[in-house]
Amino acid sequence: AYAEFKKAGGRLGKTEFNEEVGRALTRGDLHENPAIQKAAQRWRGFFDRYKIEAQELGLLPENLNLKTASSYLTRVYRVDLIKARRAEWDEIVTNWVRGAAPDMELNEAAAVANGITRNIFGAPGGLIPKDIVPKAGPLKERVFDIQDELIEDFLERDVSRVAEIYQRSMVPEILLTRRFGSRDLTDVMERV
């Protein structure tokens, strides 16, 4: 698709092309450029293959309710950009929190936004009970239901990078569940 894009006079480099494909994947796999749209539709098959298998194994619900974009692309936060542009990020997230909870005071909304950011940075605010194994990566239930377009500047959009992270996360979960019946190996650990 990139070769077709260049042949038709496209001026984006490979990375920029991949970023446009990533954006299209959150917009119904549509793009004004036919080559980018074609690439997005091809990538959709890659992501859907793992999604369908995860649904068949009970790792994902049958009906995924998309609230944050018109079509799904797993979120990969650009922590480096969030840190570099923290004031802008905090304003966006705080405004989103206040929109979701209009009765919340500004300082409370800022505290919630800060908690969301800490979770993204990998420092969860609370302890997870030892008998609960949290789902990893794309299998996490999304609770930060902000529209992707509001934070798009802080998300990885290079589809090849997102796909690599998605595959690295999904494949072990699927293989463990297929082989041992669950991703957390509860039955295996009890036998050991």
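Counting from 1, residues in each chain are numbered in the order their sequence is written. Where totals are concerned, whole chains, interfaces and linings use all residues; where local detail is concerned, this predicted model gives features only for residues with pLDDT of at least 70, and gives and counts side-chain atom pairs only at 80 or more. The side-chain quantities take in all heavy atoms of the structure and omit both hydrogens and water.

Help me understand helix α5 (residues 86–100), please; the structure alone is not making it clear to me.
One turn of an α-helix holds 3.6 residues; hence residues three or four places apart share an orientation. Taking 1.5 Å as the rise per residue, α5 with 15 residues should run 21 Å; its terminal C-alpha atoms sit 21 Å apart, in good agreement. Those residues of α5 that fall on the buried side of the exposure criterion are Trp89, Ile92, Val93, Thr94 and Val97. Taken together, the buried residues of α5 touch α4 (79–84), α6 (106–120) and α7 (148–151). For the purposes of this entry, the term helix denotes a DSSP run of H or I that reaches at least four residues, the term strand denotes a run of E that reaches at least two, and both are numbered from the N terminus. How far a helix is expected to stretch is found by multiplying one less than its residue total by 1.5 Å. The buried label applies to any residue whose accessible area, calculated with a 1.4 Å probe on protein chains only, is under 20% of its type's maximum; exposed applies above 50%, and partly exposed to all values in between. Should any heavy atoms of two residues lie within 4.5 Å, those residues are counted as being in contact.

Before we go on, may I ask you to explain the nonpolar core in this structure?
The tendency in soluble globular proteins is for nonpolar side chains to be buried as a group. With 24 residues, the main nonpolar core has Phe17, Val21, Leu25, Phe47 and Met170 as its most contacted residues. Mapped onto this core, the elements with two or more residues apiece are α1 (2–7), α2 (14–25), α3 (34–56) and α8 (159–180). For this core, the leading source of residues is α3, giving 8 residues. Take the buried Ala, Val, Leu, Ile, Met, Phe, Trp, Tyr and Cys residues and link them wherever side-chain atoms come within 4.5 Å; each set so joined is a nonpolar core.

Just to check I follow, could you spell out α6 for this structure?
For α6, which comprises 15 residues, the first-to-last C-alpha distance of 21 Å matches the rise-based estimate of 21 Å (1.5 Å per residue) to within 8%. Those residues of α6 lying buried are Ala109, Ala113, Gly115, Ile116, Thr117 and Ile120. Buried residues along α6 sit in contact with α4 and α5. Gly122 sits one or two residues past α6 and shows a positive phi near 95 degrees.

Looking at this structure, how should I read the packing of α3 against α8?
Any two packed helices are characterised by the angle at which their axes cross and by the distance between the axes. Packing of α3 against α8 leaves a shortest axis separation of 10 Å and a crossing angle of 20 degrees. One element, α3, and the other, α8, form an angle in the roughly parallel class. Relative to α8, the crossing made by α3 is left-handed. Within the contact between the two elements, α3 uses Trp43, Phe46, Phe47, Arg49, Tyr50, Lys51, Glu53 and Ala54 and α8 uses Val159, Ser160, Val162, Ala163, Tyr166, Gln167, Met170, Val171, Ile174 and Arg178. Axis definition: a line fit to C-alpha positions, over the contact stretch in the case of helices; interaxial angles, taken between N-to-C directions, run 0 to 180 degrees. In this scheme, roughly parallel covers angles under 35 degrees and roughly antiparallel covers those over 145, while 65 to 115 is roughly perpendicular and the rest are oblique. Left-handed describes a crossing in which the near helix is turned anticlockwise from the far one by less than a right angle; the clockwise case is right-handed.

Is there a simple way to explain the environment of Asp48 in this structure?
As for its placement among the helices and strands, Asp48 is situated in helix α3. Residue classification places Asp48 among the partly exposed positions, given a relative accessible area of 23%.

Sorry, what's going on with the packing of aromatic side chains here?
For any pair of aromatic rings, the description rests on two quantities: the centre-to-centre distance and the angle between the ring planes. Any pair of Phe, Tyr and Trp rings, taking the six-membered ring for Trp, is counted once the centres come within 6.5 Å. Such a pair is stacked with planes under 30 degrees apart, edge-to-face with planes over 60 apart, and tilted for the rest. By the definition in use, this model includes 13 aromatic pairs. When the ring of Trp43 is compared with that of Phe47, the centres are 6.2 Å apart and the planes differ by 40 degrees; the resulting orientation is tilted. Linking Trp43 with Phe47, this pair stays in helix α3, spanning 4 residues, or about one helical turn. By relative accessible area, Trp43 is classed as partly exposed at 25%. Phe47 gets classed as buried once you look at its relative accessible area, which sits at 3%. By way of ring pairs, the aromatic residues Trp43, Phe46, Phe47, Tyr50 and Tyr166 are connected into one cluster. The aromatic ring of Tyr50 is capped on one face by Arg49, whose charged end is 4.4 Å from the ring centroid. Of note, Lys83 hangs over the ring of Phe121, and the distance from its end group to the ring centre comes to 5.2 Å. For a ring to carry a charge above it, either NZ of a lysine or CZ of an arginine must fall within 6 Å of the ring centroid while also lying within 35 degrees of the normal to the ring plane.

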